[in-house]
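Coordinates in review
Chain by chain, the residues:
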Amino acid sequence: MPVLRKPPTPRLRVARAFRFSRRMHVPFDPAAGLDEVLRSAAVTAGLPDADGFRPEVRTADPRHGDFQANGVLGHAKARKLNPRAVAEQLIAALPAGIRDSFDVAIAGPGFINFTLRSSALQAWLGAYSDAAALRAGAAGLGREHAGRTWVVDYSGPNTAKQMHVGHLRSAVIGEAICRLLQFTGARVIRDNHLGDWGTQFGKLIYGYKRWADPKALAEDAIEELERLYRLGNDATPEGSPELDEARRELVKLQQGDPENVALWRKFSEVSLAAFQQIYDRLGIRFDHHLGESFYNDKVERVYRELSEAGIAEDSAGALVVFHDDHPRFSRHAERPNPFMVRKADGASGYASTDLATALYRSEHFGADGIVIVTDFRQSDHFEQLFLTVRRWFAAKGHRLPALHHVSFGAVTGEDGKALKTRSGGTIKLKALLDEAEERALAIVTEKNPGIPEAERLEIARIVGIGAVQYADLSQNRSSNYVFSWDKMLSLEGNTAPYLLYAVARIHSIFRKAGVSPGDAAALAAADAPVEPTEIALARKLVKFPDAVRQAVDGLRPHYLGLYLFELAGDYSSFNNAEKVLVDDPAVRARRLLLCARTLLVLETGLGLLGLRTLTRM
RNA sequence: GCGGUGGUAGCUCAGGUGGAUAGAGCAACGGUUUUCUAAACCGUCGGUCCCGGGUUCGAGUCCCGGCCACCGCGCCA
């Protein structure tokens, strides 16, 4: 950050800029009161069945206005009234104050359009002037998050293995969801549900005890553990005495044999250290790493309670749950697909630890909501899990949190098939992030060779990692996504570099002006937006709450990404059409204010998606 | 077989509880810089919203039937 020279500023003007916010509360979402106002107007106007009138206020296409009420059409048609006439009556009954904020018009067959007046835009810009104000405004946005506890379960790699490209989406989407929930006022607990227990440890211990190489372990522990697992796996074919030996190692581990437990602990520790290196690059820090092993001693209670409640039953020696009121999970289904709580050999599995995990999160964390971020192939499993949890918790009087499976599609190569290295191997996440930074560095160096190398490296880190994160977050998580270096690192289109570039350009203006973007005094002389691109930009800025609400309600970060892309586009148009640092102090302050708020919203929004931003690129 | 997800411009994708003339980006073509980062901006071209019915003032969106792709479906996680 360059040292900013602060010019002398006339103090008298400070109060003027915030005259709107001082006088009245400016709602964070400008549409907040419209629904209520329209429903009262329906009563005042004596509309037939006014109590049943639903205004259906929503964000409008900017060509029509900022918000529109669609409800008049349906209400009028159902009662054989003329929609336009009804709209006229409604508008006439609106309180006078509404026109201080909005221009109101009837359009088309009976839509009521509300367009924010320039003064109302200015009031919002005055009221939401820093990150704290945005955060305060956002608390309670969306449905029922404020003050509630949400456990978010994401990433969840298997220990003793490297993270690969398949682990990317859960980590990136999960972190964005955490930040969005927090921003809207929730208390978020980040829980990394590690795959740290299971039959693979028998084979790994078998391999470790025979072939472990201390030097390789010191250099790259995970790499070595993967090698030892492969050796162990190859040495223990089905039916061999070696496999029996590996199984004995597993039993010893499960029975608490000190040597094997110590080994297993070591595997977990080195794995976690390696994972954290990835998480650091992605800006992720978990509150807990409660993996499958943690629930080892908690599954007995699950068996007991489910059996007592008559929910689980014996089937071919296994303990299973059917949901007969559900066509697919009923015992009467053509191909019955029970939820396997305990296997016939008595071992616990995925289902039982997940059930124990749900109970722990409810009892220990007091979770009001649980979000589990895994790929779409596990949808059936989680549907069964949630069905089972609901019946179980109801029967036993456990407190039931809201349960969400946040699923996502596969990452594919440009050929539409699973992403692989050129030789057909799995792409390691570390290698992928390295390549992102290398590619970003090459681009920065080409575009801006004048920047010192240390700074170029930092820029490459932010742009490269951000590109990978944003490529994922900019798209609806439900669909598969095509991994393309060229697209994600392009400066054109809905990409991280495009957004980060807009941020960098705004910083550049403030550097040139010798003013800090947070310098309220410097922006005090600003009056309301005038030029078309100024107004368009301001109108987009006040839609930030709408974007956050959409993203958090749907647990779909791409709504926020899309908004930020459009905001950056409106900013670029403004930036291209109007010069900011003009001589006229009023115009200059007006445009600097727009720059400052665009910067604030872009930086806040990108931060919510888990991206870091920069001041120069 | 049952189920999930998807099918929207040449390509990659948005489209809220049904709402106005279905939108972006890329690609293609043309234009904009003595001016705060041209890594930008502006414009043009581009549509059987997979197909067929239905519901209604109004359907890309809801319902029914079908087609295609990927995926899941008892002891892996």
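Just so it is clear, the structure is predicted and the values come from calculations on it, not from any experiment. (Residues numbered from 1 in each chain as written. Chains lettered and ligands numbered in written order. Predicted model: local features only at pLDDT ≥ 70, side-chain atom pairs only at ≥ 80, totals over all residues. Heavy atoms only, no water.)

**As for the overall build of chain A**
Worth spelling out the cut-off: For helices the rule is a DSSP run of H or I covering at least 4 residues; for strands it is a run of E covering at least 2, with both sets numbered from the N terminus onward. Summary of the burial criterion: residues with accessible area below 20% of their type's maximum are buried, those above 50% are exposed, and those between are partly exposed, where the area comes from a 1.4 Å probe applied to protein chains only. What makes two residues a contact is simply this: any of their non-hydrogen atoms within 4.5 Å.
In terms of regular secondary structure, chain A is built from 25 helices and 13 strands. By principal-axis analysis of the C-alpha atoms, chain A measures approximately 85 × 70 × 45 Å. With 617 residues in all, chain A has 51% of them scored as buried. By sequence separation, contacts in chain A at least 24 residues apart represent 73% of the contacts at least 6 residues apart.

**Focus on helix α13 (residues 241–254)**
Quick note on the threshold: To estimate how far a helix should extend, the number of its residues minus one is multiplied by 1.5 Å. Arc definition: it is the arc formed by the directions from the helix axis to the C-beta atoms.
Taking 1.5 Å as the rise per residue, α13 with 14 residues should run 20 Å; its terminal C-alpha atoms sit 20 Å apart, in good agreement. Within α13 the residues assigned to the buried category are L243, A246, E249, L250 and L253. All buried residues of α13 fall inside an arc of 110° around its axis, so they share one side. If you follow the buried residues of α13, they end up packed against α10 (200–211) and α14 (258–282). In the stretch just after α13, G256 is the one whose phi turns positive, near 90°.

**What to know about the sheet that holds strand β7 (residues 312–315)**
Operational definition: The pairing criterion for strands is at least two bridges between them, as found by DSSP. Each axis is a line fitted through C-alpha atoms, taken for helices only over the stretch in contact, and angles between the N-to-C directions span 0 to 180 degrees.
Reading across the sheet, the three strands line up as β7-β8-β9 and stay open at both edges, with antiparallel pairing between neighbours. The open sheet has two edge strands with one neighbour each: β7 and β9 (339–342). Between one strand and the next, the sheet's axes are offset by a mean angle of 45°, whatever the strand orientation. With three bridges connecting them, strand β8 (residues 318–321) and β9 associate as antiparallel partners. Following the sheet pairing, V321 is matched in β9 by F339. Each of β7, β8 and β9 is contacted by helix α15 (residues 299–308), which is oriented at about 120° to β9, the strand it contacts most.

**Digging into the environment of S129**
With respect to the helices and strands, S129 occurs in the loop between α7 (118–127) and α8 (131–138). Expressed as a C-alpha distance, the spacing of S129 and G232, which sit 103 residues apart in the sequence, is 60 Å. If sequence neighbours within four positions are ignored, S129 has contacts with R597 and L600.

**As for the packing of aromatic side chains**
Stated formally: Pairing of aromatic rings covers Phe, Tyr and Trp, the last through its six-membered ring, and needs centres within 6.5 Å; plane angles under 30 degrees mean stacked, over 60 mean edge-to-face, and all others mean tilted. Charge-over-ring placement is defined geometrically: NZ (Lys) or CZ (Arg) within 6 Å of the ring centre, and within 35 degrees of the ring normal.
One pass over the structure, following the stated rule, counts 24 aromatic pairs. Aromatic side chains F28 and Y128 sit 5.0 Å apart centroid to centroid with 55° between the ring planes, which places their arrangement in the tilted category. Separated by 100 residues along the polypeptide, F28 in the loop between α2 (19–23) and α3 (34–44) and Y128 in the loop between α7 and α8 bring together distant segments of the chain. Accessibility expressed as a relative area gives 7% for Y128, which makes it buried. For the pair F294 and Y360, a centre-to-centre distance of 5.0 Å together with 75° between the ring planes defines the contact as edge-to-face. Residue F294 is found in the loop between α14 and α15, and its partner Y360 is found in helix α16 (residues 350–363); the two are separated by 66 residues along the sequence. Given the relative accessible area of 28%, F294 is considered partly exposed. Linked through ring pairs, F28, W124, Y128, F183, F544 and Y563 together constitute an aromatic cluster. Taking the ring centre of Y206 as reference, the NZ or CZ of R210 above it sits at 3.7 Å.

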